[in-house]
Amino acid sequence: LKGGLRKTHSQIITGLDEFFISKKDKASRAEALETLFELLVQADVGVRTSEYLVDKVKARMNAEDYSDPKIFKNILREEIFTILTATKENPKGILENPLQSLSDKKLPHIVLMVGVNGVGKTTTTGKLAYKAHLRGQKVVIGAADTFRAAAVEQLAVWAQRSNAEMIRLKEGSDPASVAFETVKKASENGSSVCLIDTAGRLQNRQDLMQELAKIGRVISKENPDAPHEVLLVLDATTGQNALQQAKVFLEVVNITGLVLTKLDGTAKGGIAIAIASELGLPIRYVGVGESVEDLEVFEAHEFVNALFA
Ligand code: GDP
């Protein structure tokens, strides 16, 4: 994560350090707060959340503290941590918990992957399958994005890496049929985890809503409490657009958690703070590269450690 947040770190923290050095640690309160606001906005924390953070820092600082960048940064760090942890409580997924802690649940644990095309949904599905595979969990993947043949082929490669069976139907089939067959297969072959990759065409909200609702209905027929998780995948490099996408999906489907991809190589990592603050949804995983291992379980303390390192 530290590598992944390098650019965001230089945007916010190095920016602050340079400011305090340039002022020879005699920054005025107004200058310091203004600089903080600008740096946060540039890192895609967003105007609202940046204002909120600036107000929090302002309220907690004594006038004399502005000569001490350490106090300033520590307060900022605590407030960012608070935002990242004050999200809606959701049961943790099978990928973060040993199987026995889920023994009261009926297996398979069914996860629906949603998000706009290009955000890294297929890659993330593959990475999650691999994580489950490394835990010794048997996985079935459903290729329910039936309109993108290339995406299905790509998913098949990922599935192979995790020894996972993949369910696909012919191009243009009903995504709900794929979901149905996937869950059926997972139950039949005693799989622990069932990952269903859905399509992400946002152009027609109505279609998307109907498609996801139908998938939900089909899945819950045999498994009344499923899907157990609905993970929305967002691309960190799109900054504030990711937040807008999330708002659209939230109107359509009951999202239980977020995956923030492509944190590596972007200075817009502040979007994680904006998302947590504005949506109150937990970030569950972060993508920090293109290879199969490049997915980390999101931990707020690790995020602030990496950001402020
Ligand atoms: P989908 O259309 O949402 O299924 O997106 P894909 O999974 O096909 O990913 C789109 C591109 O993003 C591919 O080139 C992936 O390799 C890349 N990608 C996905 N996740 C990450 C990540 O965490 N970091 C980086 N650098 N690239 C990623």
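Here is what the cut-offs are and how they apply
Residues numbered from 1 in each chain as written. Predicted model: local features only at pLDDT ≥ 70, side-chain atom pairs only at ≥ 80, totals over all residues. Heavy atoms only, no water. Helix = DSSP H or I, 4+ residues; strand = E, 2+ residues; numbered from the N terminus. Rg over C-alpha atoms; globule rule 2.2 N^0.38 Å. Buried < 20%, exposed > 50% of the residue type's maximum accessible area, 1.4 Å probe, protein only. Contact = heavy atoms within 4.5 Å. Areas by Shrake-Rupley, 256 points an atom, 1.4 Å probe, with all protein chains shown as cover. Lys, Arg positive; Asp, Glu negative; His and termini not counted. Charge placed at Lys NZ, Arg CZ, Asp CG, Glu CD. UniProt positions renumbered as here; feature names shortened; annotations may be inferred. Axes fitted to C-alpha atoms, helices over the stretch in contact; angles between N-to-C directions. Parallel < 35°, antiparallel > 145°, perpendicular 65-115°, else oblique. Left-handed = near helix turned anticlockwise from the far one by under 90°. Right-handed = clockwise from strand over helix to strand, strands pointing away. Pairing = 2+ DSSP bridges. Expected span 1.5 Å × (residues − 1). Polar contact = N/O pair within 3.5 Å; in protein donor to acceptor, adjacent residues only side chain to side chain. Near = heavy atom within 4 Å. Nonpolar A, V, L, I, M, F, W, Y, C, P; charged D, E, K, R; others polar.

To continue, consider the overall build of the chain. Scanning the chain from N- to C-terminus turns up eleven helices and eight strands. Its C-alpha radius of gyration of 21 Å places the chain within 12% of the 19 Å reference for a compact globule of 309 residues. The principal-axis extent of the C-alpha atoms belonging to the chain is close to 70 × 40 × 30 Å. In the chain, which comprises 309 residues, the share counted as buried stands at 55%. A fraction of 77% describes how many contacts in the chain between residues 6 or more apart in sequence connect residues 24 or more apart. For the chain, the computed accessible surface area is about 13,500 Å², with 49% contributed by carbon and sulfur atoms. When the 38 basic and 40 acidic side-chain charges of the chain are each reduced to a single mean position, those positions are 2 Å apart.

For the rest of this paragraph, the subject is the UniProt feature "domain: SRP54-type proteins GTP-binding" (unreviewed entry) in the chain. The UniProt entry lists residues 282-295 under the feature "domain: SRP54-type proteins GTP-binding" (unreviewed entry), expressed in the numbering used here. Helix makes up 0% of residues 282-295 and strand 43%. Its end C-alpha atoms lie 16 Å apart.

In this section: the packing of helix α8 (residues 205-222) against helix α9 (residues 240-252). Where α8 meets α9, the axes come as close as 9 Å, and the angle between the chain directions of the two elements is 50°. The angle between α8 and α9 falls in the class oblique. α9 is crossed by α8, and the crossing has right-handed handedness. For the pair formed by α8 and α9, the contact residues are Arg205, Leu208, Met209 and Leu212 on the first element and Val248, Phe249, Glu251 and Val252 on the second.

The next point concerns the pairing of strand β7 (residues 283-287). Burial within β7 is extensive, with five of its five residues counted as buried. Read as a crossover between parallel neighbours, the route from strand β6 (residues 257-261) over helix α10 (residues 271-279) to β7 is right-handed. Looking at chain direction, β7 and strand β8 (residues 295-297) are connected through three bridges and run antiparallel. Bridged to Tyr285 within β8 is Val297.

Between its first and last C-alpha atoms helix α7 (residues 175-188) spans 20 Å; for 14 residues at 1.5 Å apiece the expected length is 20 Å, and the two agree. Where α7 is buried, its residues touch β1 (109-114), β2 (139-143), β3 (165-167), β4 (193-197) and α8. For α7, the N-terminal cap is Asp174; the gap from its side-chain oxygen to the backbone nitrogen of Ala176 is 3.0 Å. A positive phi of about 65° marks Gly190, the residue just after α7.

Before going further, it helps to examine the site of the ligand. Taken together, 17 residues are adjacent to the ligand, and Gly118, Thr122, Thr123, Asp264 and Glu290 come closest. Between the ligand and the protein, one listed contact pairs an oxygen atom with a backbone N or O atom of Lys121 at 2.8 Å. Coverage of the ligand by the protein amounts to 80% of the 590 Å² it exposes when considered alone. When residues in the shell around the ligand are grouped by element, the largest group, four residues, is from helix α5 (residues 121-134). Along the lines of polarity and charge, the residues of the shell around the ligand split into three nonpolar, eight polar and six charged.

Turning next to the environment of Gln137. Relative to the helices and strands, Gln137 resides in the loop between α5 and β2. Of the residues examined, Gln137 reaches a relative accessible area of 5% and is grouped as buried. C-alpha separation for the pair Gln137 and Ser177, spaced 40 residues apart in sequence, amounts to 24 Å.

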